[in-house]
Amino acid sequence: MFFTAPIWLLSLLMPATPAQVTPPAPKITWSATRPLTWTDFKARPNIDRLAALTSSTIDATIGCLDFKFSGKVQATFAPSESWVRNAAQASPALLRHEQLHFDLTEVHARLLRQKLSLIKFDCLHLQPAFNNLTKVAFLAWQRDEARYDQESNHGLNAPKQAEWEQKTRLRLEELAAFAE
């Protein structure tokens, strides 16, 4: 038996054109020679009161090969989650504020690399020990980020912003041995 469906029913079952899905922009790994630019901020501004938002994180991968621990830690910036309300009117000071968020992420990535270099992990019990270490590291990073925004009033308090820029530059220098 042959069945024919009305054309309108077929149009409901099959989309007329395939949906266009834009892949997210690739993450940017922190580099002293590659500062952020407003073109890196690709997400749409949300209804937040902020002028811009930096989405950065610490990517950590670990493993054991022949019972020898290895790990990689990177500070990364997510363009598809970061935004600026109006790049044409955004000030260089605002971009410096957002860059410092990314720089603080790198400071804490270096601190985590430092800790990983000092601890001898038992490969049989790797996950609980690593999870505990990263939980403490991420909490310290989040506290630092919140304190930075609070003290600098999201970059609007110029003297405090300058203080944080200097302090972060020094911390990056002190942890230079743990840069990638």
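Residues numbered from 1 in each chain as written. Predicted model: local features only at pLDDT ≥ 70, side-chain atom pairs only at ≥ 80, totals over all residues. Heavy atoms only, no water.

Asker: Describe the sheet that holds strand E4 (residues 68–77), with residues and values.
Answerer: Ordered by their spatial adjacency, three strands build an open sheet running E1-E4-E3, and the pairing between neighbours is antiparallel. Each edge of the open sheet is held by one strand with a lone partner, namely strand E1 (28–29) and strand E3 (56–65). With two bridges connecting them, E1 and E4 associate as antiparallel partners. Note on E4: the bridge partner recorded for Thr-29 is Thr-76. Lying over the sheet, helix H3 (residues 126–152) contacts E3 and E4, oriented at roughly 165° with respect to E3. (Pairing = 2+ DSSP bridges. Helix = DSSP H or I, 4+ residues; strand = E, 2+ residues; numbered from the N terminus. Contact = heavy atoms within 4.5 Å. Axes fitted to C-alpha atoms, helices over the stretch in contact; angles between N-to-C directions.)

Asker: Explain the packing of helix H2 (residues 92–118) against helix H4 (residues 158–174) to me, using residue names and the numbers behind them.
Answerer: Contact pair H2 / H4: the axes reach a minimum separation of 10 Å and the direction vectors enclose 30°. Classified by the angle between their axes, H2 and H4 sit roughly parallel to one another. Classified by chirality, the crossing of H4 by H2 is left-handed. Touching Arg-96, His-97, Leu-100, Asp-103, Leu-104, Glu-106, Val-107, His-108, Arg-110 and Leu-111 of H2 are Gln-161, Trp-164, Glu-165, Thr-168, Arg-171 and Leu-172, all from H4. Along the lines of polarity and charge, the residues of the contact of H2 with H4 split into six nonpolar, four polar and six charged. (Parallel < 35°, antiparallel > 145°, perpendicular 65-115°, else oblique. Left-handed = near helix turned anticlockwise from the far one by under 90°. Nonpolar A, V, L, I, M, F, W, Y, C, P; charged D, E, K, R; others polar.)

Asker: Break down the environment of Arg-49 for me, with residues and values.
Answerer: Its place among the elements puts Arg-49 in the loop between E1 and strand E2 (52–53). Overall, the relative accessible area of 69% leaves Arg-49 in the exposed class. Considering only alpha carbons, one finds Arg-49 and Arg-85, 36 residues apart in sequence, at a separation of 9.6 Å. Dropping the residues within four chain positions of it, Arg-49 is found in contact with Arg-85 and His-154. (Buried < 20%, exposed > 50% of the residue type's maximum accessible area, 1.4 Å probe, protein only.)

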